[in-house]
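If you want the building blocks of each chain, they are given just below.
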Amino acid sequence: VNIFPFPISAPPTPPPSRSGPPATCSAHQFYPRPFCLSCESDALEWVEAGGTGTIYSLTTVRLPVIEGLDPPYLLALVDLDEGPRMLTNIVAGPAQIGDRVSVDWRDREGLPPVPVFRVAEQRG
Amino acid sequence: MHHYGARPEHLAEIAVAARSWAALNPKAWIRDPLTLDEVAASPLLCDPLRKLDCCLVTDGGGAIVIARKERARDAAKKPVRILGAGESHAQWHVAQCADLTVTPGAVSGAEAFGMAGVRPSDVDVFEPYDNFTHAVLLYLEDLGFCGKGEAPAFIADGRLRPGGALPSMTSGGGLSYCHPGALGILLLIEAVRQLRGEAGDRQVAGAEIAVAHGTGGLAFSTASTVVLARE
């Protein structure tokens, strides 16, 4: 199954020795790092994010940038409910800043799928 | 725009101001007159940025010589003093930017002005890294020329254009003069030319203090500000 990799601090593989103090905070971070940006502990866990968030910023890209991603398409910064902000695409617009979104997945040939989002609830 | 209500025409004013200066610079890449309506009619690339909100893609280069005051005294050209400088690095990836309305220029600008002992209101010439029109609005606010969200009102009445109260992008900038990717060196050179009185038709009369300000990295992850003064 798809795993949404939003660790409470993400250890690289294999995980480092846990020599430091145990995690003292519950901050989430993305992308994964070998230590916690908030409390500097290296006692890290992976968690699966809920896959929901809110659009912080949004644009429509109208020129070709990436092969296989034909314009126009929506590019967004999404604030995940766990805290981290993520650069992603919104599929099946329209969308606006403040809309609630939930994760979807874009399959890719020979590569892991990419998390994208679709609007779950328009800003009231 | 979402937070403070800036409009596309405020972005367009930056492009028109830069082009107005470029018309006075024989070395500028594009010197044709430009109107707000023409910017608004140019193709939309990534909302709200249109083609004419974006810098040129050109080659270019420059060099500067820096020396101690004593050494510079008998230089071939009249020296310009470096009053202050600041730099800042806030994040790398745009997704790590805590607030898209604030650039690292808020830190580099305060450092540079603090070291120089001058205020934004003392500046005669402003050379911002105009990679995109909206960036100049952010710089004006982050460097303290006006308050956050106030840049659209600040640039009204052609303040940045020739004859305006804060001549900016006086070479024509990255939008109309030259954007080699490393525009910062050209900002310093233009500031020096203005302070030496070598700017020809685009010369800002009596320019004594100039500020060159650049951002870089991925989008706006770093910033550098330099305050220069006529000797």
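Refer to the structure presented above.
Per-chain numbering applies: the sequence of each chain, read as written, is numbered from 1 onward. Each chain takes a letter, starting from A, and each ligand takes a number, starting from 1, following the order in which they are written. In keeping with the predicted nature of the model, local features appear solely for residues at pLDDT of at least 70, side-chain atom pairs appear and are counted solely at 80 or more, and the whole-chain, interface and lining totals rest on all residues. For the side-chain quantities, the full set of heavy atoms in the structure was used; hydrogens and water were omitted.

Caption draft 1: Representation of unusual backbone geometry in the model. A cis amide bond links A:Phe30 with the next residue in sequence, A:Tyr31, at an omega value of 10°. For the purposes of this entry, the term helix denotes a DSSP run of H or I that reaches at least four residues, the term strand denotes a run of E that reaches at least two, and both are numbered from the N terminus. Inspection of the secondary structure assignment puts A:Tyr31 in the segment before β1 (52-61). Going from A:Pro71 to A:Pro72, the amide bond is cis rather than trans, its omega being 0°. In this structure, B:Asp157 takes a positive phi of about 60° despite not being glycine. Examined against the element boundaries, B:Asp157 turns out to sit in the loop between α6 (151-154) and α7 (173-176). Each residue is placed in one exposure class: buried if its accessible area under a 1.4 Å probe, protein chains only, is under 20% of its type's maximum, exposed if it is over 50%, and partly exposed if it falls in between. Overall, B:Asp157 belongs to the exposed group, its relative accessible area being 82%. Unusually for a residue other than glycine, B:Met169 sits at a positive phi of about 55°. In this structure, B:Met169 sits in the loop between α6 and α7.

Caption draft 2: Structural view of the layout of surface pockets. All names here are of chain B. In this model, the second largest pocket occupies a volume close to 770 Å³. Points on a 1 Å grid over protein atoms alone make up a cavity when a 1.4 Å probe fits among them but cannot get out, and a pocket when they form an open set with protein on both sides within 12 Å along at least five of seven lines; lining residues each have an atom within 4 Å of a point. For the second largest pocket, the lining is made up of 26 residues, of which Val-65, Ile-66, Pro-79, Val-80 and Arg-196 are closest to its centre. For the lining of the second largest pocket, the elements supplying multiple residues, two or more each, are α3 (69-72), β3 (80-89), α8 (184-196) and β6 (222-230). Sorting elements by how many residues they give to the lining of the second largest pocket places α8 first, with 5 residues. By residue class, the composition of the lining of the second largest pocket is 16 nonpolar, no polar and 10 charged. Grid points are joined across faces, edges and corners, and a volume is the space filled by probe spheres set on the points. In this classification, the charged set is Asp, Glu, Lys and Arg, the nonpolar set is Ala, Val, Leu, Ile, Met, Phe, Trp, Tyr, Cys and Pro, and all remaining amino acids, among them Gly, are polar.

Caption draft 3: Geometry of the interface of chain A and chain B. Each side of the interface is counted separately: chain A has 15 residues, and chain B has 13 residues. In this assembly, chain A packs against chain B so that about 1,200 Å² is buried in total across both faces, 54% of it on carbon and sulfur atoms. The salt bridge definition used is simple: a Lys or Arg side-chain nitrogen within 4 Å of an Asp or Glu carboxyl oxygen. On the surface where chain A and chain B come into contact, there are 1 salt bridge. For B:Asp47, the salt bridge identified is with A:Arg62, shortest N-O distance 2.9 Å. Only heavy atoms enter the contact rule, under which two residues are in contact if any of them lie within 4.5 Å. Buried area adds together the accessible area that both of two parts lose upon being put together, with accessible area traced by a 1.4 Å probe.

Caption draft 4: Focus on the pattern of salt bridges. All names here are of chain B. A full pass over the atoms with the stated rule returns 15 salt bridges over all chains. For Arg-81, the salt bridge goes to Glu-231, with nearest N and O atoms at 3.4 Å. Of this pair, Arg-81 sits in strand β3 while Glu-231 sits in the segment after β6, and the two are 150 residues apart along the sequence. According to the relative accessible area criterion, Arg-81 is partly exposed, its value standing at 38%. You can call Glu-231 partly exposed: its relative accessible area is 45%. Across the pair Lys-148 and Glu-141 runs a salt bridge, and its minimum N-O distance is 3.1 Å. Take Lys-148: its relative accessible area is 29%, and that puts it in the partly exposed class. Residue classification places Glu-141 among the buried positions, given a relative accessible area of 11%. Among the charged side chains, a salt-bridge network with shared partners connects Glu-141, Asp-142 and Lys-148.

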